[in-house]
Protein chains: 2
Amino acid sequence: MVQPLKVGLAGLGTVGSAVVRLIDRHADELTDRCGRPIVVSAVSARSRGRDRGFDLSRFRWHDDPVAVANDPEIDVLVEVMGGEGGAAEAAVAAAIERGIPVVTANKALLARHGTRFARRADETGSSIGFEAAVAGGIPIVRTLREAIAGNAVSRVYGILNGTCNYILTRMEREGLDFAACLAEAQRLGYAEADPTFDVEGFDTAHKLALLTSLAFGTEVDAAAIHVEGISAITPADIEAADELGYRIKLLGVASRTEGGIEQRVHPTMVPKSSAIARVDGVLNAVAVDGDAVGEIVLVGPGAGGDATASSVLADLADVASGRRLSAFGRPAARLKPYQAARMKKHAGGYYLRFLVHDRPGAFAAIASHMAAHGISLESIVQRRRAPHEDAPGAATPADAQPIILITYETTESAVRAALEAIENEQTVIAGRPRMIRIEKLA
Amino acid sequence: MVQPLKVGLAGLGTVGSAVVRLIDRHADELTDRCGRPIVVSAVSARSRGRDRGFDLSRFRWHDDPVAVANDPEIDVLVEVMGGEGGAAEAAVAAAIERGIPVVTANKALLARHGTRFARRADETGSSIGFEAAVAGGIPIVRTLREAIAGNAVSRVYGILNGTCNYILTRMEREGLDFAACLAEAQRLGYAEADPTFDVEGFDTAHKLALLTSLAFGTEVDAAAIHVEGISAITPADIEAADELGYRIKLLGVASRTEGGIEQRVHPTMVPKSSAIARVDGVLNAVAVDGDAVGEIVLVGPGAGGDATASSVLADLADVASGRRLSAFGRPAARLKPYQAARMKKHAGGYYLRFLVHDRPGAFAAIASHMAAHGISLESIVQRRRAPHEDAPGAATPADAQPIILITYETTESAVRAALEAIENEQTVIAGRPRMIRIEKLA
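Residues numbered from 1 in each chain as written. Chains lettered and ligands numbered in written order. Predicted model: local features only at pLDDT ≥ 70, side-chain atom pairs only at ≥ 80, totals over all residues. Heavy atoms only, no water.

## Re a nonpolar patch on the surface
How we decide: Patches here: salt-bridge-free residues with over 30% relative accessible area, like charges joined within 9 Å, nonpolar side chains (Val, Leu, Ile, Met, Phe, Trp, Tyr) joined within 5 Å. Values of accessible area rely on a 1.4 Å probe in the Shrake-Rupley scheme; residue burial ignores everything except the protein chains shown. For salt bridges, the criterion is a side-chain nitrogen of Lys or Arg within 4 Å of an Asp or Glu carboxyl oxygen. Only DSSP runs of H or I covering at least 4 residues are called helices, and only runs of E covering at least 2 are called strands; the numbering of each starts at the N terminus.
Together, L188, Y190 and V282 of chain A line one region of the surface with nonpolar side chains, adding up to about 250 Å² of accessible area. Mapped onto the elements, L188 of chain A comes out in the loop between α8 (178-187) and α9 (196-199).

## As for the UniProt feature "binding site: L-homoserine" (unreviewed entry) in chain A
Counted only if it meets this: UniProt positions are given in the numbering used here, feature names are shortened, and annotations may be inferred rather than shown by experiment. Note on definitions: a residue-residue contact is assigned when non-hydrogen atoms from the two residues lie within 4.5 Å.
When the UniProt feature table is mapped onto this chain, "binding site: L-homoserine" (unreviewed entry) is found at E192 of chain A. In this view, E192 of chain A contacts Q186 and D198 of chain A; residues no more than four positions away in its chain are not counted.

## Remarks on helix α12 (residues 305-320) of chain A
Residues lying three or four places apart along an α-helix face the same way, a consequence of the helix completing one turn every 3.6 residues. Residue and element names in this part refer to chain A. Note the following rule: Helices are assigned an expected span. That span is 1.5 Å times one less than the residue count. Relative accessibility decides the category of a residue: with a 1.4 Å probe and only protein chains considered, values under 20% of the type maximum give buried, values over 50% give exposed, and everything between is partly exposed.
Its 16 residues place the ends of α12 22 Å apart at the C-alpha level, agreeing with the 22 Å of an ideal helix rising 1.5 Å per residue. For α12, the buried fraction is high: 15 of the 16 residues fall into the buried class. Within two residues after α12, G322 carries a phi angle of roughly 80 degrees, on the positive side.

## A word on the domain arrangement of chain A
Residues and elements named next belong to chain A. Applicable threshold: All the domain ranges listed were derived from an automatic or database domain assignment.
One can read the domain layout of chain A as domain 1 (5-133), domain 2 (145-301) and domain 3 (345-438). Here the C-alpha centroids of domain 2 and domain 3 sit 25 Å apart. The interface is formed by 20 residues belonging to domain 2 together with 16 residues belonging to domain 3. The interface formed by domain 2 and domain 3 holds three salt bridges in total.

## With respect to the pattern of salt bridges
Residue and element names in this part refer to chain A. By the definition in use, this model includes 76 salt bridges over all chains. R58 serves as the salt-bridge partner of D24, at 2.7 Å between the closest nitrogen and oxygen. Linking D24 in helix α1 (residues 14-25) with R58 in the loop between β2 (38-44) and β3 (60-62), this pair joins segments that are 34 residues apart in sequence. Take R58: its relative accessible area is 43%, and that puts it in the partly exposed class.

## Remarks on the sheet that holds strand β1 (residues 5-10) of chain B
Rules: When DSSP locates at least two bridges between a pair of strands, those strands are taken to pair.
Taking strand neighbours across the sheet as the criterion, the six strands line up as β3-β2-β1-β4-β5-β6 (chain B) in an open arrangement whose pairing is parallel. The open sheet has two free edges, formed respectively by β3 (60-61) and β6 (128-129) of chain B, since each of these has just one partner strand.

## A word on the side chain of R437 of chain A
All names here are of chain A. Where we set the bar: Counting of polar contacts relies on pairs of N or O atoms within 3.5 Å, with two restrictions inside protein: one atom must be capable of donating a hydrogen and the other of accepting it, and residues adjacent in sequence are counted only when both atoms are side-chain atoms.
With respect to the helices and strands, R437 occurs in strand β17 (residues 429-438). A distance of 2.8 Å separates a polar atom in the side chain of R437 from a polar atom in the side chain of E228. Excluding its chain neighbours within four sequence positions, the residues that come into contact with R437 are H226, E228, H266, P267, T268, M269, M343, H346, G349, Y350, E412 and R416.

Following this line, the structure appears as structure tokens:
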């Protein structure tokens with residue numbers, strides 16, 4: 001008689017409930033695949049009474065997720081509570097100490113404690129599967145952990161937050177501003193009541209930190225990430241991008257540079273012809289550039305109970321089948337210290353938008369500051385100002401007209417210095433200049 | 001002292017040579033990942049003298065690939081010779097009998113012998129990794145084998161042959177005919193001197209047979225696949241598709257139907273807005289529809305030495321790390337017999353193109369045959385005949401004008417019967433009607 005894999009499930013929200021339903025629905029199939037059944041044995045959740053569409057009485061109930069982790073009957077802990085500390089951290093730590101495998105969808109937790117947990121798991125014989133923590137149902141964790149083993153990765157990047165992508169897609173399609181699209185996303189349940197975590201890029205940063213470790217074999221360092229969100233993006237930027245052959249996406253990008261590994265999250269101009277530009281709405285996508293494989297792109301649903309639970313089940317199938325995988329694709333002791341590239345050294349093209357006073361010499365002043373900082377211009381677009389265009393953060397004189405510059409490859413420090421010099425000339429531009437980085441894509 | 005994984009490499013063509021170079025280039029990284037080095041130990045190839053850019057003298061040479069498989073020093077056989085029988089079959093069979101793992105890029109071999117080999121490998125303790133056999137560097141085998149374990153798959157489909165996709169992309173972009181684009185593909189090395197295997201869909205069928213088994217847990221049955229190639233596609237079809245909002249791609253599709261599992265390879269009209277429609281040139285793409293995950297799409301290079309070798313290395317890393325995986329995602333004894341859906345029962349929309357004689361009642365005859373077979377029409381397009389449009393296989397009267405019908409969902413048998421009835425009316429159409437199936441995509 002084969003022993004089933006007994007799951008302790010900490011968290012019965014959208015994802016946890018979907019895990020229970022999927023295990024029920026595909027019980028026979030999972031047994032076929034793994035050679036033994038997967039059964040939920042013990043559970044904990046904030047509310048015991050809530051109707052989740054299934055009967056809780058068949059599971060051992062614990063009020064405390066740590067008690068689930070310590071339940072002697074369970075073989076694996078599934079943590080789908082969320083939160084970068086507190087009970088989630090305690091439950092995961094307890095399971096690791098016991099030496100049983102952990103499967104988690106918690107990016108915030110791993111972005112903060114990933115290296116430490118992975119190291120300890122290697123010592124105790126535990127393991128950490130987190131396919132569900134990055135890009136929902138897209139199998140990017142196992143792709144980086146296993147499929148690109150024979151590659152040196154030069155870059156991994158992606159659309160990792162469906163809320164932001166939905167908002168940007170709506171802004172582009174409907175010509176609406178950020179606030180209107182955010183409100184719509186909230187109405188549809190795609191954005192939280194407090195959307196800061198998503199729209200300011202922090203959720204993307206957590207996921208990127210995990211991808212970076214997997215792709216480059218480095219310790220997790222989310223604190224080193226340069227993070228900008230999408231709340232300052234205007235319809236004028238999106239229109240200008242469109243005219244210039246680009247779309248604006250919130251990307252997380254990790255790339256190998258001479259000065260170390262860059263990790264950055266910011267609104268990004270991507271060529272319309274690129275695969276990533278065509279990923280719309282709540283979809284996620286991740287691209288990996290490897291020296292052997294070239295570029296592979298994975299697209300799919302980045303959130304939602306069932307899609308995320310699908311990734312939890314994939315990790316559970318690994319455990320049930322007896323496949324132990326190192327959390328970050330190699331023993332944690334072999335993870336290299338993360339050497340951050342300085343953002344000021346970032347090299348790339350830039351989109352710059354100014355509202356320029358309509359007086360002699362104004363544009364010449366901008367051009368000369370660019371030249372003084374060694375920045376070459378690929379294109380210059382002077383557009384008639386649309387009615388909705390206002391310079392953020394300043395009263396805008398009626399005479400100010402937008403000018404857009406696209407630079408050739410230059411450095412972040414050159415661009416910042418040029419912008420500062422231009423801003424310091426009081427009579428040249430109204431308001432603050434807009435700067436959006438351009439990502440070079442095939 | 002950790003023992004290295006010693007590889008026996010049968011085949012030193014484009015892929016085999018790339019495997020050697022990749023293992024050399026990433027030796028330290030592979031050791032980090034797998035906990036032990038991977039080294040090529042013994043080799044065989046057709047020509048010993050050929051310059052491959054590396055020194056063969058460090059490897060044990062065998063004239064016979066079976067001798068490589070039986071070399072007592074090797075821990076794993078990598079078979080990258082090709083061919084559905086002969087020496088490749090013998091070498092793989094020998095390694096399986098010995099109980100050592102096999103890694104192969106050989107779709108033809110597995111399409112024919114996959115079930116038998118997988119069953120025997122389970123008995124002897126061997127294993128079969130074939131990530132490289134389907135869609136080159138795209139990790140679709142491990143996605144289906146592992147990542148979608150918690151899903152019931154309803155459909156898997158993809159662009160699995162870069163040669164065909166290159167030709168179709170060129171035809172679309174340049175308005176050239178099939179023969180001209182094939183010649184160009186041959187000049188660029190994207191097509192073989194004898195292109196039949198690629199352009200008539202057989203290569204796609206071999207790959208599809210493997211995807212079907214992985215996705216549905218069934219025995220491999222390539223013989224059951226309905227196969228049509230792209231050689232009959234004309235610029236007129238591609239133009240008409242474009243006008244109607246479609247692109248034409250050679251797809252391999254396996255889908256679950258009430259009557260069994262459909263496996264079909266044919267030119268397919270896909271909506272321009274679909275992810276698969278935008279996969280151009282020599283790229284491959286595979287999409288998986290699962291009940292939990294929704295649709296995930298993987299895009300990347302489908303061929304080339306390095307991309308294919310990247311997938312070989314991924315499988316070798318599994319072996320070196322001690323991960324034994326069932327070839328088709330479950331023990332071979334659990335593979336269900338493949339129950340073929342009959343192609344006549346295929347349900348879907350159809351594009352039909354006729355050259356209709358310009359005489360009273362001709363179109364009425366077509367319309368009434370459609371109605372008699374219960375086929376409803378979604379659109380009817382009468383176009384002026386372009387100079388290059390000829391009815392294939394018939395002398396075309398100067399008065400014949402093209403008419404295009406797009407049907408609502410109907411069945412293959414209804415369409416075939418209607419076309420036969422129309423063809424039997426001698427004075428209605430010139431030449432043979434064209435029929436291209438439309439795939440319903442999100």
